[in-house]
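Observations on the model geometry
The primary structure of each chain is shown beneath.
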Amino acid sequence: MGLRIENTQTKGFSVNLNQTSTNDYLKLFPTVYASYAKNENNSFSFSYSKRIQRPNFGNLNPFRVYVSSNTYT
């Protein structure tokens, strides 16, 4: 068994809007592995782990970034 705790803090700033966006959160990521050998030819195993796929910071920043006067992301 295992448990990982992650504390995340992000801060984004929009120059165009002069606004700041912040995130601050704590998340738990448990992991469990179990195995049972019924006999020398048969065994059973189970595993569970919580994972996270992180987006890049551009996806977390809620503000528009202007590429030109007609285009933004």
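Quick caveat: nothing in here was measured; it's all calculated off a predicted structure.

1. Let's talk about the sheet that holds strand β1 (residues 2-14)
Spatially, β1-β2-β3 is the arrangement adopted by the 3 strands of the open sheet, whose pairing is antiparallel. Each end of this open sheet is capped by a strand with a single partner; those strands are β1 and β3 (43-49). Averaged over neighbouring strand pairs, the angle between their axes works out to 15 degrees when direction is ignored.

2. Examining the pairing of β3
A small share of β3 lies buried, amounting to 0 of its 7 residues. The pairing of strand β2 (residues 19-37) with β3 spans 7 bridges and is classified as antiparallel. By the bridge assignment, Y33 is partnered in β3 with S47. Hairpin connection between β2 and β3: a loop of 5 residues separates the two successive antiparallel strands.

3. Observations concerning the packing of aromatic side chains
With the rule as written, the count across this model stands at 2 aromatic pairs. Ring geometry for Y36 against F44: centres 6.4 Å apart, planes inclined by 15 degrees, an arrangement best described as stacked. As far as the burial class goes, Y36 and F44 line up, both exposed. Both rings, one in Y66 and one in Y72, keep their centres 5.7 Å apart while their planes meet at 55 degrees; by these two values the pair is tilted.

4. With respect to the confidence of the model for the chain
Per-residue confidence for the chain averages 87 on the pLDDT scale, and 100% of its residues sit at or above 70. Averaged pLDDT values over the elements of the chain bottom out at 73 in helix α1 (residues 57-60) and peak at 95 in β3.

5. What about unusual backbone geometry?
For N18, which is not glycine, the phi dihedral falls at a positive 55 degrees. Topologically, N18 is positioned in the loop between β1 and β2. The class for N18 is exposed, based on a relative accessible area of 59%.

Cut-off values and rules
Residues numbered from 1 in each chain as written. Predicted model: local features only at pLDDT ≥ 70, side-chain atom pairs only at ≥ 80, totals over all residues. Heavy atoms only, no water. Pairing = 2+ DSSP bridges. Helix = DSSP H or I, 4+ residues; strand = E, 2+ residues; numbered from the N terminus. Axes fitted to C-alpha atoms, helices over the stretch in contact; angles between N-to-C directions. Buried < 20%, exposed > 50% of the residue type's maximum accessible area, 1.4 Å probe, protein only. Phe/Tyr/Trp six-rings, centres within 6.5 Å; stacked < 30°, edge-to-face > 60°. pLDDT = per-residue confidence, 0-100.

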